[in-house]
Amino acid sequence: MKKRAIAMLLAGALCASMAGCSSTGDTGGGDTAASGESKYHVSIILKTTAAEYWKFVQAGAEAYAEEHPDEVAVEVKGPPSETSFQDQLNMIQTDLSDVSYDGYIISPLQQDMVANLIQDTEKPVIALDTNIESDKVVTFVGTGNEEAAKQGAIAAVEAAKEAGWTEIQCIEIAGVQGDSTNTARMNGYKAGIEEAGGDFLEDEVQYAEATATRAVDAMNGIISRYPDGIAIICANNDDMAIAAAKAARDSGNQAYANTIFLGFNGDRAACEAILADELTMSIAQMAYEMGYKSVEAMVQTLDGEQVEPNIDSGSEVITIDNAQERLDTLDEQLGS
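From a predicted model like this one, the values you see are computed outputs, not experimental measurements. (Residues numbered from 1 in each chain as written. Predicted model: local features only at pLDDT ≥ 70, side-chain atom pairs only at ≥ 80, totals over all residues. Heavy atoms only, no water.)

Visitor: Help me understand the overall build of the chain in this model?
Guide: Helix and strand counts for the chain stand at 11 helices and 14 strands. A burial count over the chain gives 52% of its 336 residues as buried. Across the chain, every contact between residues at least 6 apart in sequence was considered, and the portion connecting residues at least 24 apart equals 72%. Total accessible area computed for the chain in this model is approximately 15,200 Å², and 47% of it derives from carbon and sulfur atoms. (Helix = DSSP H or I, 4+ residues; strand = E, 2+ residues; numbered from the N terminus. Buried < 20%, exposed > 50% of the residue type's maximum accessible area, 1.4 Å probe, protein only. Contact = heavy atoms within 4.5 Å. Areas by Shrake-Rupley, 256 points an atom, 1.4 Å probe, with all protein chains shown as cover.)

Visitor: Explain unusual backbone geometry here, please?
Guide: Excluding glycine, a negative phi dihedral is what most residues carry, and trans is how most peptide bonds are arranged. Within the chain, Glu-209 stands out as a residue other than glycine whose phi angle is a positive 55°. Positive phi, normally seen in glycine, also occurs at Ala-210, with a value near 65°. Looking at the element boundaries, Ala-210 is found in the loop between strand E9 (206–207) and helix H7 (212–225). Look at Ala-210 and you get partly exposed, because its relative accessible area is 31%.

Visitor: Hey, could you run me through the environment of Leu-89 in this one?
Guide: Its location among the elements puts Leu-89 in helix H3 (residues 85–96). For the pair formed by Leu-89 and Leu-117, sequence separation is 28 residues and the distance between their alpha carbons is 8.2 Å. Residues contacting Leu-89, with those up to four places away along its chain left out, are Gln-110, Met-113, Val-114 and Leu-117.

Visitor: How should the packing of helix H5 (residues 145–162) against helix H6 (residues 180–195) be read in this particular structure?
Guide: The packing of two helices is summarised by the inter-axis angle and the distance between the axes. Close contact between H5 and H6 brings their axes to 7 Å; oriented N to C, the two are set at 35°. When you trace H5 past H6, the crossing you get is right-handed. Of the residues in H6, those touching H5 at Asn-145, Glu-146, Ala-149, Lys-150, Ala-153, Ile-154 and Val-157 are Thr-181, Ala-184, Arg-185, Asn-187, Gly-188, Tyr-189, Ala-191, Gly-192, Ile-193 and Glu-195. (Axes fitted to C-alpha atoms, helices over the stretch in contact; angles between N-to-C directions. Left-handed = near helix turned anticlockwise from the far one by under 90°.)

Visitor: Teacher, can you tell me more about the side chain of Arg-185 here?
Guide: Structurally, Arg-185 can be placed in helix H6. Asp-129 provides the closest opposite charge to the buried, salt-bridge-free Arg-185, at an N-O distance of 5.8 Å. (Lys, Arg positive; Asp, Glu negative; His and termini not counted. Salt bridge = Lys/Arg side-chain N within 4 Å of Asp/Glu carboxyl O.)

Visitor: Can you walk me through the packing of aromatic side chains in this structure?
Guide: The relation between two aromatic rings is expressed through the spacing of the ring centres and the mutual angle of the planes. Applying the stated criterion across every chain, the model contains 3 aromatic pairs. Centroid distance Tyr-64 to Tyr-292: 5.1 Å. Interplanar angle 80°. Geometry classified as edge-to-face. Highlighted residues: Tyr-64 in helix H2 (residues 52–67) and Tyr-292 in helix H10 (residues 287–302), separated in sequence by 228 residues. Positioned over the ring face of Phe-264 is Arg-185, at 3.8 Å from the centre of the ring. (Phe/Tyr/Trp six-rings, centres within 6.5 Å; stacked < 30°, edge-to-face > 60°. Lys NZ or Arg CZ within 6 Å of the ring centre and 35° of its normal.)

The quantities given are spatial measurements derived from coordinates; they are silent on function.
Following this line, the structure appears as structure tokens:
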């Protein structure tokens, strides 16, 4: 550990002397071990470091380490995109063989493949954002997707009633069929809609592969089949919800003028869309808190403490009433 810290100090000094040198590498990762000696050294491998959501996860993880420099130093990295499957597997394999790490926090792109990679490690693993089915995983830190979606759906039904809908039907534009996160959100949407007195049209679910382009096609199909309108369109993510809402506006069908469009993530683009009346509401994942709590749980584990098998990082329904407040919080978390 001491040799590694010295080497990192020398590397940092060399980096500082070079014009244009950055503290992050090609993968966008960062290392909090800028000086001194931390008790633990933890590898964090995200699905990517290129997307806004993951930048908040990274910021939260690094914030915990910066607040507790004597306890832990973290190295955060990730592949160029969430489809760079082999790149992530290579990163995980490399870090598993690095004896300087005391533990691993991993957000898997391919759960089964990652479970196979970690099966021989004797060091603790924490699953982040997406769970890994393995006895090597001490806890999962992430959004309670089903409960979060349920609360969002209940709020959407209330909004639909306020908008004047008497027949409250909901169609979901879903992500990838069979994906565990997508399934959890769908189950939550269904439960929330039905609990609040609406009708979740399960047979009309449109799988759009979590992409905005496919969501537009799905929305156009819904408008064609339901020309008299649908009270609620819920989506697996904000990009799809925003795209569906735009498709409805572009169609010119006024029956969709008061449709409630519900997304999931609550990122900056979603908040801005809500304030611009281009999206009705979103369910915010607490990405910063997720990163923060994952490092906190790892330190507790390494200290020999018991942690809960599932740690919910929280969620919040974002509407026109709190979208600006959410934006201000996001800016503060990234220091912008």
